[in-house]
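For reference, the chains in residue letters:
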Amino acid sequence: MRFFTVLLFILVSFASFSQKTFPDMVKVNGVIKDDNSLKLLSNVHIINFNTVKGTITNEKGYFEIDAQVNDTLHISILGYQSIRVRVTNDWINSKSTEIKLTEKAYALEEVVVTPYTLTGYLEIDAKIIPIPENYRYGISGLSYGYEAGSKSPNAISRVVSSLFNPADLLYNFFGKKPNELKKLKEMKKDDTVRSMLENKFDRETISIMLGVDKKEIPEILHRCNYSETFIKTANDLQVLDAISDCYEEYKILKKK
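Residues numbered from 1 in each chain as written. Predicted model: local features only at pLDDT ≥ 70, side-chain atom pairs only at ≥ 80, totals over all residues. Heavy atoms only, no water.

> I'm lost on the sheet that holds strand β1 (residues 26–34) in this one. Help?
Picture the strands of a sheet paired through backbone hydrogen bonds; they go either parallel or antiparallel. The three strands lie next to each other as β4-β1-β7, forming an open sheet whose pairing is mixed. Each having just a single partner strand, β4 (62–67) and β7 (96–101) make up the two edges of the open sheet. Ignoring which end each strand starts from, the neighbouring axes of this sheet average 35° apart. The sheet contact formed by β1 and β7 spans six bridges and is parallel. Counterpart to Ile-32 in the pairing with β7 is Ile-99. (Pairing = 2+ DSSP bridges. Helix = DSSP H or I, 4+ residues; strand = E, 2+ residues; numbered from the N terminus. Axes fitted to C-alpha atoms, helices over the stretch in contact; angles between N-to-C directions.)

Set out below in structure tokens:
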């Protein structure tokens, strides 16, 4: 009997704690359209920056997501200008809203393609074709990746130097943004968000989440000792993993 009494007390306490954590969390929904044609837009990415959870619109432009008043939703899709929308009391009360996105205007640039003239001889062709410098690889079952090879040493060397040099960008960046970096780690746990970032290469979501300019991200990755090829070609999910891994090494060394 005592066991069931204790169990009941724990369950009630846990329920009370959950209610205190997100007291006003509700499901809000909306429809996203093209601002000009009013066409319903499918596969639009929506991320709640406060809860670090995401969703996408269906074929009718409809979405729903958990939110509370003053949460910020980041809305993006390829070919349209991304926007951030704040959840208001009116939206909470009506449960639904209509959001319009403006199409981007692209200026196509001339692309010059330089083919490789192969001879058919392996020893000669092996010297003609450039060797990729991206040494990052993943292991099935693990949520993070690695970069290996003599040309891409471990990021830990840069983290060590930053700890002994307080003026270093990496030291200043990690030291001033612990909350933002924790949110990056939480983003990796949401399957929908991971799927979104895996298909994005603009670093926009990550830069907004960290509160930095997109131009700063390559410098951060340089300081974490990632290869030039990785920095240029990595998708947003790989960039998120790279910065998160570097931050974890920073925390370990800082404790020591």
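More follows now that the structure is in view.
> How should the pattern of salt bridges be read in this particular structure?
Pairing between side chains becomes possible if they bear opposite charge and their charged atoms approach one another. Under the defined criterion, the tally for this structure stands at nine salt bridges. Of the charged contacts, one joins Asp-241 and Lys-188 as a salt bridge, the two residues approaching to 3.4 Å between their closest N and O atoms. Of this pair, Asp-241 sits in helix α11 (residues 236–255) while Lys-188 is found in the loop between α6 (178–187) and α7 (191–198), placing the two residues 53 residues apart along the sequence. A salt bridge links Arg-223 to Glu-219; its shortest N-O distance comes to 2.6 Å. Pair noted here: Arg-223 and Glu-219 are both in helix α9 (residues 216–223), with a separation of four residues, about one helical turn. (Salt bridge = Lys/Arg side-chain N within 4 Å of Asp/Glu carboxyl O.)

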